[in-house]
Amino acid sequence: MREGIQGKVVLLTGGCLGLGAEIARHLAFRGARVAVAGRRKERLDDLVARIVDGGGEARAYRVYVSHGAQVRAVVEAAIADFGRLNVTVNNAAAMMPNQRMLEARTDAWDATIDVNLKGMLHGVAAALPVFQAQGRGHIINLSTVAATKVCAPRDTVCAGVKLAVRAITDGLRQAVAGGIRVTCILSGAIEGEPMFGEVRARLDASLRRKVVPASSVARAIAHAIEQPTDIDINEIVLRAAAGPRLVCPAHAVSQQGEPSWAMT
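Note that this is a predicted model, so its numbers are computed, not measured.

Student: How do you make sense of the pairing of strand β3 (residues 57-62) when you look at a structure like this?
Tutor: Note that strand β2 (residues 33-38) and β3 share 6 bridges and pair parallel. Bridged to G38 within β3 is R62. Viewed along the sheet, the connection from β2 through helix α2 (residues 41-53) into β3 turns out right-handed.

Right under this line is the structure:
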C-alpha cells in the first residue's frame with residue numbers, strides 16, 4: 001500500500017525562494033497541504049497566493065530557524081491550522097561565501113552553523129515529539145554533496161556543516177522506530193539558488209548543463225514521501241548527469257565574485 005502525498009500536511013522551512021519555493025509548489029501540485037515557513041513573510045505570502053490560485057492549499061509562517069522557540073511555535077501553528085502534521089522538510093540554509101580557513105571569519109561560521117545545522121536540529125526537536133505521539137511521521141533534511149567531499153579549501157566550513165547534517169540524520173534514523181521515517185537529500189549545485197543567480201551570466205552553456213534543476217530535488221523529496229509505509233528511503237544523492245560533476249554547493253562564490261566550482 002502506497003503512502004502517497006495527497007492530503008499530507010508538509011511543513012517546509014526556507015520556502016521564501018529558490019529551492020524551497022519549488023519544493024512547496026511541487027508538493028502542493030501533487031496534493032499536499034503545505035505549511036511554508038521562512039524569514040521573508042511577503043515572499044511567502046506571494047508564494048502561497050500562487051499555490052492557492054493554482055488550486056493548491058498552503059499557508060505562510062514567518063520563522064527564524066536559528067531560534068528554537070520560533071520553530072516550535074510554527075509547528076504548533078501548522079497543526080492548529082491544518083489539524084495534523086505528517087512531514088517536515090528542513091530546507092532553510094544560510095548562503096555562506098567561500099572563505100579560506102586562514103581568514104578565521106568566525107562570524108560567518110557562526111551564522112552558517114546557527115542556520116544550516118542548529119536550524120535543522122530545531123526542526124527535528126519541534127516535530128519529533130509530535131511524530132512520536134502519533135506513531136508516524138517523516139523528517140527530511142537537506143544536505144549537499146559537499147558532505148561527501150571537501151571540494152575546495154574555501155568550502156571547508158560549509159562541507160563540515162553539511163557533513164554534520166548528514167551524520168545527524170543517519171543517527172536519527174537509527175534512533176527512531178516504527179512509523180517515523182528519516183531521509184537525507186544530498187544534491188549537487190542547484191540551479192536557481194540566490195547566489196547562483198548572481199553569477200549565472202558568467203557561466204558558459206556547458207557548465208550550466210552540470211547543475212541540478214530545483215524541480216529534480218523537489219521530485220526526489222516527493223518520491224521519498226510517497227513510498228509504502230514499510231519503506232524508508234534514507235538517502236538520495238543527486239548530481240547532474242552531463243559531463244564532470246559539480247560537487248560544490250550552488251552558493252559557492254569566491255571573494256572576486258566568480259564561481260569556484262570543483263570538478264570530479
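Moving on, there is more to tell.
Student: It is not clear to me how the environment of M101 should be interpreted in this structure. Could you clarify?
Tutor: Examined against the element boundaries, M101 turns out to sit in the loop between β4 (87-90) and α4 (106-134). Sequence-wise, M101 and D155 are 54 residues apart; in three dimensions their C-alpha atoms are separated by 8.7 Å.

Student: Would you mind going over the nonpolar core with me for this structure?
Tutor: One recurring pattern in soluble globular proteins is that nonpolar side chains are buried together. In terms of nonpolar packing, the biggest core is built from 37 residues, with L27, V36 and I221 touching the most fellow members. Tallying contributions element by element places helix α8 (residues 214-225) first for this core, with 8 residues. Ranked by size, the runner-up nonpolar core spans 30 residues in total, among them V65, V71, A78 and A126.

Student: Any chance you could explain the side chain of T13 here in plain terms?
Tutor: With respect to the element layout, T13 can be found in strand β1 (residues 9-13). In terms of polar contacts, T13 uses its side chain to reach the backbone amide nitrogen of N91, at 3.0 Å. Ignoring any residue separated from it by four or fewer positions in sequence, one finds T13 in contact with A37, V65, V89, N90, N91 and A92.

Student: Could you clarify how one ought to interpret the pairing of β1 in this entry?
Tutor: Side-chain positions along a regular strand alternate between the two faces of the sheet. Of all 5 residues in β1, 5 are buried, a share of seventy percent or more. Burial along β1 is two-sided: V9, L11 and T13 and V10 and L12, pointing in opposite directions, are all buried. Pairing analysis gives 5 bridges linking β1 to β2, with the strands arranged parallel. What sits directly across from L12, in β2, is V36. One crossover worth recording links β1 to the parallel β2 by way of helix α1 (residues 18-29), and it is right-handed.

Student: So what exactly am I meant to see when it comes to the sheet that holds strand β6 (residues 179-187) here?
Tutor: Sheet architecture is open: 7 strands sit in the order β3-β2-β1-β4-β5-β6-β9, paired in parallel fashion. Looking at which strands have only one partner, the edges of the open sheet turn out to be β3 and β9 (235-238). Here the average twist between neighbouring strands, direction ignored, is 15°. Contacts between helix α5 (residues 156-175) and the sheet are confined to β5 (136-144), β6 and β9, with β5 contributing the most and set at about 160° to the helix.

Student: Got a minute to help me understand α2 in this structure?
Tutor: Each α-helix turn comprises 3.6 residues. Residues three or four places apart therefore point the same way. When the terminal C-alpha atoms of α2 are compared, their 18 Å separation across 13 residues agrees well with the 18 Å that a helix rising 1.5 Å per residue should span. All of the buried residues along α2 are L44, L47, V48 and I51. Considered in projection along α2, the buried side chains sweep an arc of 100° and stay on one side of the axis. Exposed and facing more than 90 degrees away from the buried side of α2 are E42 and D53. Buried residues belonging to α2 abut α1, β2 and β3.

Student: I would appreciate a short explanation of the pattern of salt bridges in the present structure.
Tutor: Note on pairing: side chains with opposite charge can pair once their charged atoms come close. Under the definition given, this model contains 8 salt bridges. D170 serves as the salt-bridge partner of R173, at 2.9 Å between the closest nitrogen and oxygen. Taken together, the residues R173 and D170, both in helix α5 and 3 residues apart, mark about one turn of the helix. Residue R173 is classed as partly exposed on the basis of its relative accessible area of 28%. With relative accessibility at 34%, the residue D170 sits in the partly exposed group.

Student: Quick question: what am I supposed to make of the packing of α1 against α2 here?
Tutor: Think of two packed helices as two axes; the pair is described by the angle between the axes and how far apart they sit. Two elements in contact, α1 and α2, have axes whose closest approach is 10 Å; the angle formed by their N-to-C orientations is 20°. For the element pair α1 / α2, the angle class is roughly parallel. Here the hand of the crossing between α1 and α2 comes out right-handed. In contact with A21, A24, R25 and A28 of α1, α2 contributes L47, R50 and I51. A breakdown of the residues in the contact of α1 with α2 according to their chemical character gives 5 nonpolar, no polar and 2 charged.

Reading the values: the criteria
- Residues numbered from 1 in each chain as written.
- Predicted model: local features only at pLDDT ≥ 70, side-chain atom pairs only at ≥ 80, totals over all residues.
- Heavy atoms only, no water.
- Pairing = 2+ DSSP bridges.
- Helix = DSSP H or I, 4+ residues; strand = E, 2+ residues; numbered from the N terminus.
- Right-handed = clockwise from strand over helix to strand, strands pointing away.
- Core = buried A, V, L, I, M, F, W, Y, C linked by side-chain atoms within 4.5 Å.
- Buried < 20%, exposed > 50% of the residue type's maximum accessible area, 1.4 Å probe, protein only.
- Polar contact = N/O pair within 3.5 Å; in protein donor to acceptor, adjacent residues only side chain to side chain.
- Contact = heavy atoms within 4.5 Å.
- Axes fitted to C-alpha atoms, helices over the stretch in contact; angles between N-to-C directions.
- Expected span 1.5 Å × (residues − 1).
- Arc of directions from axis to C-beta.
- Salt bridge = Lys/Arg side-chain N within 4 Å of Asp/Glu carboxyl O.
- Parallel < 35°, antiparallel > 145°, perpendicular 65-115°, else oblique.
- Left-handed = near helix turned anticlockwise from the far one by under 90°.
- Nonpolar A, V, L, I, M, F, W, Y, C, P; charged D, E, K, R; others polar.

Geometric descriptors of this kind do not, in isolation, establish any biological role.
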